[in-house]
Amino acid sequence: MTGAPTPERMRHALGHFATGVTIVTGFAAGAAPVGFACQSFASVSLHPPLVLFCADHRGRSWPRMRDHGRFTVNVLGHDQRDLIARFGSADGARFEGLDWSPSEHGGPSLPGVLMRVHCSVEQVHVAGDHDVVVGRVLDLEDGESGRPMLFYRGRLTVTERRTSSVSDETDGAAGAMDDYWG
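These numbers come from a predicted model, not from an experiment.

J.: For this particular structure, what's the right way to read the pairing of strand β2 (residues 22–27)?
T.: In summary, the side chains of a regular strand alternate between the two faces of the sheet. Judged by how many residues are buried, β2 sits mostly within the fold: six of six residues are covered. For β2 and strand β3 (residues 33–38), the ladder comprises six bridges, and the chain directions are antiparallel. By the bridge assignment for β3, T22 is matched with C38. Linking β2 to β3, which pair antiparallel, is a turn of five residues; within it G30 sits at a positive phi near 80°. As paired strands, β2 and strand β6 (residues 70–75) are joined by four bridges and run antiparallel to one another. Note that in β6 the partner of T22 across the bridge is V75.

What follows is the structure, encoded as structure tokens:
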């Protein structure tokens, strides 16, 4: 199917590209923690260490953390739908009752995530209805091991462990089916 890139067609077509799911956190004026669910996160450069994320510049959290100049990207594991429900919603107190801790380099560190990337804001580029935020990586922090949460075709999904089949076992390859996820 071909046609003009309407918002609906863009969402449908680009939904075929699986992305990881993150929560970007920071601090607003008065040290209030803020954050939002984000699947548009990527590595930019190793030298210097740079990453990027895209955020709606009309959103509730990014405009409030922008002036602080620091943020943390919390990479979610497959069992963290509760965090997506908290931070992906337009309502509610995202940090209320949540066991989080402040990072010395970025924003709030969320519990149980796969990893954290602590950054300072390097550049912000306006691109349509979003800001493309380039961050300089200040610290990397390993978290829990496990499978990642993914966003694919408009839905949250997880990777499944491969299991050996009967034919694999008869070929002596049963041990080769160990998976990569933590």
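There's more to say after this.
J.: It is not clear to me how the nonpolar core should be interpreted in this structure. Could you clarify?
T.: One recurring pattern in soluble globular proteins: nonpolar side chains tend to sit buried together. Formed by 18 residues in total, the largest nonpolar core has its most connected members in V24, F36, F53, W62, M65 and F71. For this core, the secondary structure elements donating two or more residues are β3, β5 (50–56), α2 (62–66), β6, β9 (115–127) and β10 (130–142). Setting aside chain neighbours within four positions, we find F36 in contact with T22, I23, V24, F53, C54, A55, S61, W62, M65, F87 and R94. Counting residues in each nonpolar core, the second largest holds 11 residues, with V21, L76, F95 and M149 among its members.

J.: Looking at this structure, how should I read the sheet that holds strand β4 (residues 41–45)?
T.: Two pairing modes exist for strands in a sheet, parallel and antiparallel, and in both the strands are linked by backbone hydrogen bonds. If you walk across this open sheet you meet the seven strands as β3-β2-β6-β9-β10-β5-β4, and the pairing is antiparallel. Only two strands of the sheet have a single partner each, and these edge strands are β3 and β4. Along the sheet, successive strands turn relative to each other by an average axial angle of 35°, direction set aside.

J.: What am I meant to see in the pattern of salt bridges here?
T.: A complete count under the given rule lists five salt bridges for this structure. As a salt-bridge pair, D56 and R58 come within 3.0 Å of each other at their nearest N and O atoms. The exposure class of R58 is exposed, given its relative accessible area of 58%.

J.: Looking at this structure, how should I read the packing of aromatic side chains?
T.: In this description, a pair of aromatic rings is defined by centroid distance and the angle of the planes. Tallied over the entire structure, the rule returns six aromatic pairs. Ring geometry for F27 against W100: centres 6.1 Å apart, planes inclined by 55°, an arrangement best described as tilted. Pair noted here: F27 is in strand β2 and W100 is in the loop between α3 (81–87) and β7 (101–102), with a separation of 73 residues, a long-range link. Judged by its relative accessible area of 26%, W100 falls in the partly exposed class. Members of the aromatic cluster, connected to one another through ring pairs, are F27, F87, F95 and W100.

J.: Just checking my understanding: could you explain unusual backbone geometry for this structure?
T.: As a rule of thumb, non-glycine residues mostly have phi less than zero, and peptide bonds are mostly trans rather than cis. For the bond running from H47 to P48, omega is 0°, close enough to zero to count as cis. The topology assignment puts P48 in the loop between β4 and β5. The phi angle at A31 is positive, at roughly 65°, despite the residue not being glycine. Mapped onto the elements of the fold, A31 is located in the loop between β2 and β3. The class of A31 is exposed, set by a relative accessible area of 55%.

Conventions we followed
- Residues numbered from 1 in each chain as written.
- Predicted model: local features only at pLDDT ≥ 70, side-chain atom pairs only at ≥ 80, totals over all residues.
- Heavy atoms only, no water.
- Buried < 20%, exposed > 50% of the residue type's maximum accessible area, 1.4 Å probe, protein only.
- Helix = DSSP H or I, 4+ residues; strand = E, 2+ residues; numbered from the N terminus.
- Pairing = 2+ DSSP bridges.
- Core = buried A, V, L, I, M, F, W, Y, C linked by side-chain atoms within 4.5 Å.
- Contact = heavy atoms within 4.5 Å.
- Axes fitted to C-alpha atoms, helices over the stretch in contact; angles between N-to-C directions.
- Salt bridge = Lys/Arg side-chain N within 4 Å of Asp/Glu carboxyl O.
- Phe/Tyr/Trp six-rings, centres within 6.5 Å; stacked < 30°, edge-to-face > 60°.

Functional significance is not addressed by these values, which are geometric in nature.
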